[in-house]
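# Reading the structure
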Amino acid sequence: MRVEGVALRVHGDDVDTDVMYPGAFLNVEDPEEMAPHLFEGFDPSLRERLANGTILVVDANFGIGSSREHVPLAMKANGIRGVVGRSFARIFFRNCVNLGLAIARCPEAVDAAGDGSRVVIDTEGAVEVDGTRYAAPAAPPFLLELGAAGGLVEWTASRVAR
Amino acid sequence: MLAHCDADELRPGDVVTVRCDVVMANDVSGPVAFRAMERMGATRVFDPDRVVMVADHFMPAKDAKSAELQQRLQRWSEAQGVSYYGQGRGGIEHTLLCEEGWITPGAVIAGGDSHTCTYGALGAFGTGLGSTDIASCLALGSFWQAVPETILVELTGRPAEYVTGKDVILAVLAEIGVGGGTNAVLEFAGPGAEALSVDERLAVANMAVEAGSEAGIFPADEKVAAYLEGRARREWRAERSDEDAEFRRRLAIELDGLEPLVALPHLPGNVVPVSAAAGVPVDQVYIGNCANGTMTDLRQAASILGGRRVHPRTRAIVVPATQAIWREAAAEGLLDAFVEAGAIVSTPTCGACFGGSNGALAAGETAVTTTNRNFRGRMGSPEAGVHLANAWVAAAAAVAGELVHPREIA
């Protein structure tokens, strides 16, 4: 599966889920109500730079801290299609996978990408930046299965239906 | 994990399906999970006896929206026939579930909160998950998991004066940093681990996630057995690592050699001895949270605040973690001592720990807290600074109006 988008570069290691979605706004359950608060504690102006079809390009240990799914839900509601980073915190990584938000570990792609770069995440194990292809670790088979289903909701629904 | 999946053998990196003994969520993660569960087409939870919901993050509700979340949580729980702890009947989820006997050694707990790792204090595999994961757990009773490696943390000696659980985990963070434990479980072992009380182990396990780990597990020894006596909701058996177990890494921490530690703004891994941070003026002190609102923490705080006054430039908030702890602390005269000193005492709540309500910080303010995160904006203004420390250090800061080594006050 190929997910294409325009890069938005977010700099800095250890970006946490509190700055990306502050605690005071956790009083909502509808992703449309979450969307206006994405990056609120970090840089609210980033929201204005989210073209429909953004791929975030980030540094190491991205998404540390709280398990709040409000972060990737608000990302999706803002038109973000994927995240490419040097490395990810576990729960944030899981949340993206479960929500069908493409996520790839590829330090070379992070080095190559700048704001506006054309980025393609190939879930079989690569990230393309402006046409140049960089290898990324292949996802374990189960994660490919989740991705092919569209996410954990779809995967679980097919099991519930049985 | 072997006991909770269908594999005969496991290696780190293998993705397996893990069965849950308990599935838990709260007023922030629950409603989002219920939406996902509906979309999954699941109308009933897999087993109502294994599901627990706790209203604690916005407790009591700070506005109409949070009141609606709690209403949703309560009504869903009633409709599903699951256990529900609401206002006035519970407390902060992780301390509460231990107190109420939901957590036993070797159990697997899926929690809609990153600090579910706290249950490792009782030898359980508690792990934090997002709401969609929790929804799948509610529907199927299991979650997918890449088998983690293990980092062995060997503790020796006994804690020096004014050193307690919080300092042990801050020492670990100082060594491995906020990413050093990713895709690994912290395993605490050695005579030093056994020297820690159950309350102290809660404080240690609570912050395993700050190192990136899915869990932080202590051995289920006589102290755990004594704690669980008459309390545990199921039979249990202690687990230990094999003699020839392979670890990603080993850390050795001598408790005798520790001094009280402080995590400086704005990362839990930004750790220095309290003496190196002394002198910083403090606007607010916050004592309590999902692992540091226990009787141990409250007694530590009272030993400093009792008979003294909170400094005129400082505000102090004390948050007992559960209704039961609140009453026990009241009976022991601790709450009166805090109020007499000029602190305020809150109902059990997550409150300001995550910037929800009940004690936010203004721009330029400095806080000392016994909580577990000090990211920018965590407790209110992004221009405030939060220092993480143990209850003695926090109480001493309240009295002195600045960060000090507790021995300067006592």
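To be clear, the structure that these remarks concern was listed above.
About the cut-offs
- Residues numbered from 1 in each chain as written.
- Chains lettered and ligands numbered in written order.
- Predicted model: local features only at pLDDT ≥ 70, side-chain atom pairs only at ≥ 80, totals over all residues.
- Heavy atoms only, no water.
- Salt bridge = Lys/Arg side-chain N within 4 Å of Asp/Glu carboxyl O.
- Helix = DSSP H or I, 4+ residues; strand = E, 2+ residues; numbered from the N terminus.
- Contact = heavy atoms within 4.5 Å.
- Buried area = accessible area lost by both parts, 1.4 Å probe.
- Polar contact = N/O pair within 3.5 Å; in protein donor to acceptor, adjacent residues only side chain to side chain.
- Nonpolar A, V, L, I, M, F, W, Y, C, P; charged D, E, K, R; others polar.
- Axes fitted to C-alpha atoms, helices over the stretch in contact; angles between N-to-C directions.
- Parallel < 35°, antiparallel > 145°, perpendicular 65-115°, else oblique.
- Buried < 20%, exposed > 50% of the residue type's maximum accessible area, 1.4 Å probe, protein only.
- Patch = residues over 30% accessible without salt bridge, like charges linked within 9 Å, V, L, I, M, F, W, Y side chains within 5 Å.
- Areas by Shrake-Rupley, 256 points an atom, 1.4 Å probe, with all protein chains shown as cover.
- Lys, Arg positive; Asp, Glu negative; His and termini not counted.
- Charge placed at Lys NZ, Arg CZ, Asp CG, Glu CD.

### Digging into the pattern of salt bridges
When the charged atoms of two side chains lie near each other, side chains of opposite charge can form a pair. Tallied over the full model, the rule gives 30 salt bridges over all chains. Residue Arg373(B) pairs with Glu210(B) through a salt bridge whose shortest N-O separation is 2.9 Å. Taken together, the residues span a long stretch of sequence, with Arg373(B) in the loop between strand S17 (366-369) and strand S18 (385-388) and Glu210(B) in the loop between helix H7 (198-206) and strand S10 (215-217) at a distance of 163 residues. Salt bridges linked by common partners bring Arg2(A), Asp122(A), Glu128(A) and Arg133(A) together as one network.

### A short note on the interface of chain B and chain A
Chain B puts 46 residues into the contact, and the matching count from chain A is 44 residues. Around 3600 Å² of area is buried between chain B and chain A when both sides are counted, 59% of it from carbon and sulfur atoms. On inspection of chain B and its partner chain A, the count reaches six salt bridges. One salt bridge in this structure joins Asp18(A) and Arg378(B), with 3.0 Å as the shortest N-O distance. Applying the counting rule to chain B against chain A returns 18 residue pairs in polar contact (both at pLDDT 80 or more). The set of elements that each furnish at least two residues to the side of chain B that touches chain A consists of helix H1 (29-39), helix H2 (64-80), strand S6 (125-128), helix H4 (131-140) and strand S7 (142-146) of chain B. The element contributing the most residues to the side of chain B that touches chain A is H4(B), with six residues. Tallied by class, the residues present in the side of chain B that touches chain A amount to 19 nonpolar, 15 polar and 12 charged.

### Remarks on the environment of Gly269(B)
Considering the arrangement of structural elements, one finds Gly269(B) in the loop between strand S12 (261-263) and strand S13 (271-273). Here the alpha-carbon distance between Gly269(B) and Asn183(B), two residues 86 residues apart in the chain, equals 17 Å.

### A word on the packing of helix H7 (residues 152-161) of chain A against H4(B)
Where H7(A) contacts H4(B), the axes come no closer than 10 Å and their chain directions differ by 5 degrees. Here H4(B) runs roughly parallel to H7(A), going by the angle between their axes. Contact residues: Leu152(A), Val153(A), Trp155(A), Thr156(A), Arg159(A) and Val160(A) in H7(A); Thr132(B), Asp133(B), Ser136(B), Ala139(B) and Leu140(B) in H4(B). Across the contact of H7(A) with H4(B), the residue classes tally to six nonpolar, three polar and two charged.

### Description of the environment of Ser66(A)
Residue and element names in this part refer to chain A. Here Ser66 is to be found in the loop between strand S2 (54-57) and helix H3 (70-77). Accessibility expressed as a relative area gives 11% for Ser66, which makes it buried. C-alpha separation for the pair Ser66 and Thr17, spaced 49 residues apart in sequence, amounts to 5.9 Å. Within the structure, the side chain of Ser66 is placed 2.8 Å from the side chain of Arg68, a separation counted as a polar contact.

### Comments concerning the side chain of Thr54(A)
Residues and elements named next belong to chain A. Take Thr54: it is sitting in strand S2. The class of Thr54 is buried, set by a relative accessible area of 1%. Ignoring any residue separated from it by four or fewer positions in sequence, one finds Thr54 in contact with Val6, Leu8, Arg49, Gly79, Ile80, Arg81 and Gly82.

### Remarks on a negative patch on the surface
Where like charges cluster on the molecular surface, the negative patch consists of Asp242(B), Glu243(B), Asp244(B) and Glu246(B). Note that Asp244(B) resides in the loop between helix H8 (222-228) and strand S11 (249-254).

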